[in-house]
Amino acid sequence: SGNASFVKIGYEDGKNVYSLVHVQLPDFTPKTSITLGSELVYNVYVPVMDCLKSFTVDGKTHDNLIPVTLDDGNQYYHIAVPMAASEAARNVVLKATVTIDGKDYMGTWTMSIPKYSKKVLTSDANATEKTLIKDVLAYIKAAYIYFDAYDKAEAVKVIDEILGDYNHAFSKVEGTT
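Just so we're clear, the structure is a prediction, and the values are computed from it rather than from any experiment.

*Asks:* Describe the environment of A88, listing the residues and the values that go with them.
*Replies:* The residue A88 is located in the loop between β8 (75-83) and β9 (92-100) in this model. The spatial distance from the C-alpha of A88 to the C-alpha of V41 is 8.7 Å, given a sequence separation of 47 residues. Every residue in contact with A88, bar those within four places of it in the chain, is listed here: L40, M83, I113, P114, I140 and Y144.

Quick look at the structure:
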């Protein structure tokens, strides 16, 4: 267990009251992964905990999920977030409310495929995994450029910062005219 920052949700004088507090919680660390297929799927794994009251991913509530056990031996709720490559650099937002000693606390996690990729590339993952991650990022960048996708400049900037001078086949893709 460890300290976590959550927003305390209260009700005073007929109004909602929010304040940042540090509370002692069991480890509440969401996990992520990506799945490649005809589209990219960003997988969000929310830890199963007795204190977890509710959560949303991108504003959608997920009820009646069956927990899955991951390699770490812990159980998580799995939420699949499918994405076209031309939107795959966007943020995915998890909001969770936990109840500790009868009080509700809310936390927010902002995640993305580029953030996940950066984590993998700085980990002890093998060279094949790292090359695959780089190629996925290059593919996402190419899709943003080709389709002139929303928030293209920011997506390309973030991906370029991660890829650096990585040489890939997608580097010659040009946008539509």
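*Asks:* Which residues make up the packing of aromatic side chains, and what values do they have?
*Replies:* One pass over the full model with this rule turns up 3 aromatic pairs. On the basis of an interplanar angle of 40 degrees and a centroid distance of 5.0 Å, the ring pair of F28 and W109 is categorised as tilted. Here W109 lies in strand β10 (residues 103-111) and F28 lies in the loop between β2 (15-25) and β3 (31-36), a separation of 81 residues in the sequence. A centroid spacing of 5.9 Å and a plane angle of 25 degrees characterise the contact between F55 and Y77, whose relative ring orientation is stacked. Of this pair, F55 sits in strand β5 (residues 52-57) while Y77 sits in strand β8; the two residues are 22 residues apart in sequence, bridging distant segments of the chain. Each member of the pair, F55 as well as Y77, carries the same accessibility label: buried.

*Asks:* Quick one: what's the story with the packing of helix α1 (residues 113-121) against helix α2 (residues 127-146), residue by residue and with numbers?
*Replies:* How two helices sit against one another is set out by the angle between their axes and by the gap between those axes. Interaxial distance between α1 and α2 falls to 10 Å at its minimum, and their mutual angle equals 155 degrees. Considered as vectors, α1 and α2 are oriented roughly antiparallel to each other. Pair α1 / α2 crosses with left-handed handedness. Contacts between α1 and α2 involve I113, P114, Y116, S117, V120 and L121 from the former and K130, I133, K134, L137 and I140 from the latter.

*Asks:* Quick one: what's the story with helix α3 (residues 152-163), residue by residue and with numbers?
*Replies:* Between the first and last C-alpha of α3 there are 16 Å, a value that for 12 residues agrees with the 16 Å anticipated at 1.5 Å per step. Looking at α3, one finds that the buried residues are A155, V156, I159, I162 and L163. Along α3, the residues classed as buried sweep out an arc of 125 degrees about the axis, all on the same side. Looking at α3, the residues exposed on the side facing more than 90 degrees away from the buried face are A153 and E161.

*Asks:* An account of the sheet that holds strand β4 (residues 40-47) is requested, with residue identities and associated values reported.
*Replies:* Taken in spatial order, the 4 strands of this open sheet run β3-β4-β8-β7, and their pairing is antiparallel. At either margin of the open sheet sits one strand with a lone partner, and together these are β3 and β7 (68-69). In this sheet, β4 lies alongside β3 in antiparallel orientation, the contact comprising 6 bridges. Across the sheet, the residue bridging to S33 is N43, located in β4. Each of β3, β4 and β8 is contacted by α1, which is oriented at about 100 degrees to β3, the strand it contacts most. Strands in contact with α2 are β3 and β4; relative to β3, the strand with the most contacts, it is inclined by about 75 degrees.

*Asks:* Any details on the environment of M111? Residues and values, ideally.
*Replies:* Summarising the element assignment, M111 is placed in strand β10. Separated by 20 residues in sequence, M111 and N91 have C-alpha atoms that sit 5.6 Å apart. Leaving out residues up to four positions away in the same chain, M111 has contacts with T32, Y42, V44, R90, N91, V92 and L94.

*Asks:* Talk me through the pairing of β9; I want residue IDs and the actual numbers.
*Replies:* Relative to β9, β5 is paired through 5 bridges, and the arrangement is antiparallel. Looking at β9, one finds that V57 is bridged to L94. As judged from the 9 bridges shared by β9 and β10, these two strands associate in the antiparallel manner. What sits directly across from L94, in β10, is W109. Counting the residues that bridge the hairpin from β9 to β10 gives 2 residues, and of these D101 lies at a positive phi of roughly 50 degrees.

Conventions and cut-offs
Residues numbered from 1 in each chain as written. Predicted model: local features only at pLDDT ≥ 70, side-chain atom pairs only at ≥ 80, totals over all residues. Heavy atoms only, no water. Helix = DSSP H or I, 4+ residues; strand = E, 2+ residues; numbered from the N terminus. Contact = heavy atoms within 4.5 Å. Phe/Tyr/Trp six-rings, centres within 6.5 Å; stacked < 30°, edge-to-face > 60°. Buried < 20%, exposed > 50% of the residue type's maximum accessible area, 1.4 Å probe, protein only. Axes fitted to C-alpha atoms, helices over the stretch in contact; angles between N-to-C directions. Parallel < 35°, antiparallel > 145°, perpendicular 65-115°, else oblique. Left-handed = near helix turned anticlockwise from the far one by under 90°. Expected span 1.5 Å × (residues − 1). Arc of directions from axis to C-beta. Pairing = 2+ DSSP bridges.

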